[in-house]
Amino acid sequence: MQQTRLLKLALPLVRTHGFTREALARSVLQLPAPKAHTDPLPDAAVSALFGSGDQARKTLIDAWLTEGIRQLQLVDVKASGATVRELLRARLAYNEPVLGYLPEAFALMASPVSGSPPLDPMPALKHATGIADEVCYISGDASLQLAWYTRRASLAAIYMAAELHQLSSPKTAYAFLDSLFESSSSLESTLGEVSLFSNYITKSWKGIIKSSGIL
Amino acid sequence: MQHNLCRQTLRLSFSSRSSLRPCIRLAHSDAQFTSAPQQQTRTTAFGFKTVPEDAKESMVKEVFDSVASNYDLMNDATSFGVHRLWKDTFVSSLKPGRKGPLRCIDVGGGTGDIALRILDYAKDNHYDRETAVEVVDINAQMLKEGFKRFKSTMYHNTPQISFHEANAQSLPPSQFSDNSYDLYTIAFCIRNCTSIPEVLKEAHRVLKPGGTFACLEFSQVGNPFLSSLYDQYSFTMIPLLGTILAGDRDSYQYLVESIRKFPPQPEFARMIRDAGFSTGKDVDGGAWTDLWGGIASIHTGVKV
């Protein structure tokens, strides 16, 4: 569909024009030679294709986020041996060229359409969980049942924290991501030990009760 | 040009009055259209009737000749004035004049409703007195009403407005050249055309690359409860109001029937794409915007 094609052409323009209607309007200038326009799309055309007002900008942000996921899918994990940490690093690197425009983009995503609730956290959560799920899938994560959820939730939390850190301090973002992974793995092992210990206690109590002849 | 228009409208109004009644009656007589010699002719819908393609144009013309003088009154009476809100929404969604003057063509806009709103919007919101609208209608009576109405506005006798009698399916290329308009509007008209794809093709031809096609039309109501209420109202009240206020039940019966025969939103969006336009996604708020649950709908497309 032509709309999707124009969105793709608008993505490189985000670096220079931000997540704006201007970037969308200029997408037609990037069409291949016979079809390239001499003027950007008029305002009514941008509204007709991508939505009116800020909805057009949200469409562009969505397309940019989808492209981020697609870039992750292009990583050949088997050949490169990339780990989950490296995949998240690659996703953070995808943010870098447009870092200056991201705070505004995330603010726009969190703005509700109808004014209620005043701040909508769902798009941000979807964004982080979407990345966590994709990273798990690409890396061949085989966790099941509760572990499936905890694995994705912890990765989403790590990525979200690292991305927030990246917005204020881009240079230290990767080190921060690493530190988060380390603390999360120690947290994970602590949790594992606690569960093992409580399991042991439960078993002991069962044995005591049985031996005392109550059951 | 204005003299020519007046002469044309007068000529047509005389001819139409003499042939109005027989033609409307013809539309409701199935036997006349199922006779053997007409088996091979291509047919189209005229309300709930099936008529030869050649006949529809003149029959629609007769309907609008008949309702022209009471058109605005009847629109107000049957929609409780809501059509004005829809037209306002339609024009303000296009934001004419926001990024400089536009050359617009308003097809089927005989009474000048849309043209006047476009010019007012551009003037009031963007201080734009250069945007121009060419009003095109197949029906001289409707054009005459529009021409009369514009006399009371500041746009009369300015390059901002002009009226042309032409068929939306075959706009004369000498007058309406290729790639020449920024905005093509068509409001409550396209369902009356014999061939919708032909109209869309012509729209695509006359629009500049990057130009916008915008259509306001009655559509399909999604909510079943609202839909049954709307059906009840439109099949009982509108023809009755037509009889009382305009003395013409048949024409209003046709108008209601033609609304039900019009393709639903996704199908019309597909037709717009088939004509070469690009549209948004096939959802409300994408390729189209529903008004009042889909009673009317704004479809847009862009010539890329």
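Remember, predicted model here, so these are calculated numbers, not experimental data.

**Here we look at the overall build of chain A**
- Check the secondary structure of chain A and you find eleven helices and zero strands.
- Its helices and strands taken in sequence order, chain A reads α-α-α-α-α-α-α-α-α-α-α from the N to the C terminus.
- A compact globule built from 215 residues should have a C-alpha radius of gyration of about 17 Å, whereas chain A, at 23 Å, is more than 25% larger.
- Across its three principal axes, chain A shows a C-alpha extent of roughly 90 × 45 × 35 Å.
- Looking at chain A as a whole, 25% of its 215 residues are labelled buried.
- The long-range share in chain A, meaning contacts at least 24 apart out of those at least 6 apart in sequence, stands at 55%.

**Overview of the UniProt feature "binding site: S-adenosyl-L-methionine" (unreviewed entry) in chain B**
All names here are of chain B.
- Mapped onto this numbering, the UniProt entry gives "binding site: S-adenosyl-L-methionine" (unreviewed entry) at Thr111, Asp137, Asn167 and Ala168.
- Of note, threonine 111 is situated in the loop between β3 (103-107) and α5 (113-126).
- In this structure threonine 111 comes out as buried when scored by C-beta crowding, with 26 C-beta atoms within 10 Å.
- Ignoring any residue separated from it by four or fewer positions in sequence, one finds threonine 111 in contact with Tyr71, Asp72, Met142, Glu145, Gly146 and Arg149.
- Looking at where asparagine 167 falls in the secondary structure, it is placed in the loop between β5 (161-165) and β6 (181-187).

**Observations regarding the interface of chain A and chain B**
- Contacts between the two partners involve 15 residues from chain A and, on the opposite side, 17 residues from chain B.
- The leading source of residues in the side of chain A that touches chain B is helix α4 (residues 43-50) of chain A, at six residues.
- The residue makeup of the side of chain A that touches chain B, split by class, is eight nonpolar, five polar and two charged.

**Considerations on the domain arrangement of chain A**
Residues and elements named next belong to chain A.
- What the domain assignment reports for chain A is domain 1 (1-57) and domain 2 (75-211).
- Just the C-alpha atoms count here: the centres of domain 1 and domain 2 sit 33 Å apart.
- Within the residue set of the side of domain 1 that touches domain 2, elements represented by two or more residues are α2 (14-17) and α5 (54-73).
- Of the residues belonging to the side of domain 1 that touches domain 2, the class tally is two nonpolar, one polar and three charged.

**Comments concerning the sheet that holds β6(B)**
- Read across the open sheet, the seven strands follow the order β5-β4-β3-β6-β7-β9-β8 (chain B); overall the sheet is mixed. Single-partner strands in this sheet number two, and they are β5 and β8 (288-291) of chain B. Each strand axis lies, on average, 15° off the axis of its neighbour in the sheet, ignoring direction.
- The pairing of β6(B) with strand β7 (residues 207-218) of chain B spans six bridges and is parallel. Along β7(B), the bridge assignment pairs B:Thr185 with B:Ala214.
- In this fold α4(A) packs onto β6, β7 and β9 (296-302) of chain B, with an angle of close to 110° to the strand it touches most, β9(B).
- On the sheet, helix α6 (residues 140-151) of chain B packs against β4 (132-137) and β5 of chain B and is oriented at approximately 165° with respect to β5(B).

Reading the values: the criteria
- Think of each chain on its own: its residues are numbered from 1, step by step along the sequence as written.
- To read the labels, note that chains go from A and ligands from 1, taken in the order they are written.
- Local features in this predicted model are restricted to residues whose pLDDT is 70 or higher, and side-chain atom pairs enter the listing and the counts only when it is 80 or higher, whereas totals over whole chains, interfaces and linings include all residues.
- Helix numbering and strand numbering both begin at the N terminus, where a helix is a DSSP run of H or I of at least 4 residues and a strand a DSSP run of E of at least 2.
- In this setup the radius of gyration rests on C-alpha atoms only. A globule is expected at 2.2 Å times the number of residues raised to 0.38.
- Any residue with 12 or fewer other C-beta atoms within 10 Å of its own C-beta is exposed, any with 20 or more is buried, and the rest are partly exposed; the C-beta atoms used are placed from the backbone.
- Contacts are defined on C-beta atoms placed from the backbone: any two residues whose C-beta positions lie within 7 Å are in contact.
- UniProt positions are given in the numbering used here, feature names are shortened, and annotations may be inferred rather than shown by experiment.
- Put simply, Ala, Val, Leu, Ile, Met, Phe, Trp, Tyr, Cys and Pro go in the nonpolar bin, Asp, Glu, Lys and Arg in the charged bin, and everything else, Gly too, in the polar bin.
- Marked domain ranges trace back to an automatic or database domain assignment.
- At least two bridges found by DSSP between two strands is the condition for calling them paired.
- An axis is simply a line fitted to the C-alpha atoms; with a helix, the fit covers only the stretch in contact. Between two such axes, the angle follows the N-to-C directions and lies from 0 to 180 degrees.

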